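Residue-level structure breakdown
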Amino acid sequence: MRQSTMLIPTLKETPADAESASHRFLLRAGFIRQNAAGIYSYLPLGHRVLKKIEAIVREEMDKAGCVELLMPALQPAELWHESGRWDVYGPELMRLKDRHDRDFALGATHEELITSLVRDELNSYKKLPMTLYQIQTKYRDERRPRFGLLRGREFVMKDAYSFHSDEASLDERYQIMYDAYKRVFERCGLNVRAVIADSGAMGGKDTHEFMALAEIGEDTIAYSDQSDYAANVEMAKVLHIDEKPDEAPLPLDEGEAKRGQAYEIETRFFKAGEDLIAVLFRKGDEVNDVKVKNALGVDIVFEAESDIDPLNPSERVVVMADNGVKNVVNGTLLDASGNVRHFNVNPERDLSAVRFDDLRMIKEGDPSPDGKGRIRFARGIEVGQVFKLGTKYSEAMNARFLDENGKSRPIIMGCYGIGISRTLAAIAEQHHDEAGLKWPVVVAPFAVHIVPVNVKNAEQKQTAEALYEQLKTQYEVLLDDRDERAGVKFAEADLIGCPVRVTVGKKAGEGIVEVKVRATGEVRECNVSELLHVVDECLNRV
Ligand code: ATP
Ligand code: MG
């Protein structure tokens, strides 16, 4: 492709609102442009990378026995009413009306739509299992669209849905998808860790998130320094509880309040529907909302304020305490402002109706939940997730099949998502330096960038054109045929980040050009007669 014919609007200045490296460089190198908050155009270079990631995903999905289809983005509200999600999804779901005043949603995800499609078709065990997928645009009115393609309001997702007659079949499919996801991200050149994630209140089913490690990541991963254990920090179980100190329990509220971390107990309040929940925890620990919600078996909890005394709660209050509180002796219970409410509190004696549970965030240095090593933290970008849905949607939406005995049962489902556009940004996040992007070969917009230093020089121009014709037969090649200063061309080539740059300069007359490997910075001269071979070598090496 000739650079003069392409739309590559590079920027010299760093855009002020671009907070992450991927956002900065994708804008500066002319891969994307923002049209509204969280809404982007993929310009020719960005589009090429997007299509390559899609191709890898498509290949791995097809290899894993999934079948592609395409569903509409515009979905009738009735389906979302059937599943119950019209009311619970919240403002993230983009809603609109047609000319007949009928409600529609722009698909944030497609469980409803696909369940409605299969419910009349997959009606016998003989037609199961089946896994369908699409690559399609999704809409989510995110509260904080940010970091460019990493959190958009319109984005490209690969979503797959599987249908089964029994759990064993779902388990098998889950593993196949898990393995396929690992291969997809590996092929994209991403350093990814699969972590145990939150499956919500509905039944503790398996789910893993695939996290691309990056400082900018919005998720924290807790991993063991000595084993494969890795979990979203919210899901990491805390097994360790301090031993009970060898201290005699004193009568409640008599004598003096003891201060310091070993004694102090704090309280946070939550609302779950109409219920008020008090959560007691050791000072220095942090309450984990996800664990609270899962312990209560509800979908969501909200932070609340209250001055209720957890030792003398009214009936409407559920009092819960983190396991770490259990072994406190002569503790000091603080109120919301940090003032002493009670002292010489001995939890099992004084908190009669309390429920102890694992409710705190794990900390760096805690023992790993698998008993091997200690916990460390890393930041990650969620690029994919696999999820055992079970019968949540098939029951709500009446998608049933007849089993071998002619008995009607709800179809068992799984769902599997990859953020294609987010993956593009995650690759940029992991592959760049201060000069620009460094694309892995398989997803690069072009493999080779030919840069004649001076197109007004006939020798350079002719050599570049000849090499372009030759290399084009083997690779995807971008020819910088513009009449620009050499410095500008080189800076832009580094910014765009094609894996190999061929510079055609002063030695063109002698048949000598320079080859630079973007990822390593390695530069060497070679004769045009051996260029194909050298480029080959460079591409296999990077
Ligand atoms: P997050 O927690 O980051 O909001 P999610 O868990 O809600 O994401 P899923 O419903 O699991 O997202 O969607 C599947 C995949 O789609 C995610 O793993 C992610 O890669 C991608 N994705 C989700 N939301 C966005 C978004 N706003 N912009 C770009 N990609 C997204
Ligand atoms: Mg997710």
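See the structure above.
Everything in this summary refers to the structure shown in the same document. Remember, it's a predicted structure, so these values are computed and weren't measured experimentally. (Residues numbered from 1 in each chain as written. Chains lettered and ligands numbered in written order. Predicted model: local features only at pLDDT ≥ 70, side-chain atom pairs only at ≥ 80, totals over all residues. Heavy atoms only, no water.)

**A look at the sheet that holds strand S30 (residues 523-527)**
The strands that make up a sheet are held in pairs by hydrogen bonds between backbone atoms, and each pair lies either parallel or antiparallel. Strand order across the open sheet formed by 5 strands is S27-S26-S28-S29-S30, with mixed pairing between neighbours. Here the strands that pair on one side only, and so sit at the sheet edges, are strand S27 (477-479) and S30. Taken over all neighbouring pairs, the strand axes of this sheet differ in orientation by 25° on average, direction set aside. Judged from the 3 bridges that link them, strand S26 (residues 448-452) and S27 form a sheet pairing that is parallel. When the bridges of S27 are listed, Ile450 appears paired with Leu479. Sheet strands touched by helix H12 (residues 458-472): S26, S27, strand S28 (500-504) and strand S29 (512-517). Its angle to S26, the strand with the most contacts, is close to 165°. Contacting S26, S28 and S29, helix H13 (residues 486-496) runs over the sheet at an angle of about 175° to S26. (Pairing = 2+ DSSP bridges. Helix = DSSP H or I, 4+ residues; strand = E, 2+ residues; numbered from the N terminus. Axes fitted to C-alpha atoms, helices over the stretch in contact; angles between N-to-C directions. Contact = heavy atoms within 4.5 Å.)

**So, the packing of helix H2 (residues 44-63) against helix H6 (residues 167-187)**
Following both chains from N to C, one finds H2 and H6 inclined at 150°, their axes separated by 10 Å at the closest point. The angle between H2 and H6 falls in the class roughly antiparallel. Seen from above, H2 lies across H6 with right-handed handedness. On H6, the residues that touch Ile56, Val57, Glu59, Glu60 and Met61 of H2 are Met177, Ala180, Tyr181, Arg183, Val184 and Arg187. Partitioned by chemical class, the residues of the contact of H2 with H6 number 7 nonpolar, no polar and 4 charged. (Parallel < 35°, antiparallel > 145°, perpendicular 65-115°, else oblique. Left-handed = near helix turned anticlockwise from the far one by under 90°. Nonpolar A, V, L, I, M, F, W, Y, C, P; charged D, E, K, R; others polar.)

**Thoughts on the packing of H2 against helix H11 (residues 420-430)**
Where H2 contacts H11, the axes come no closer than 10 Å and their chain directions differ by 110°. As summarised for this structure, H2 and H11 are arranged roughly perpendicular, according to the angle between their axes. With respect to the hand of their crossing, H2 and H11 are arranged in right-handed fashion. Within the contact between the two elements, H2 uses Gly46, Val49, Leu50, Ile53, Glu54 and Val57 and H11 uses Ile420, Ser421, Thr423, Leu424 and Ile427. Per-class residue counts for the contact of H2 with H11 are 7 nonpolar, 3 polar and 1 charged.

By themselves, these observations are geometric and do not establish any function.
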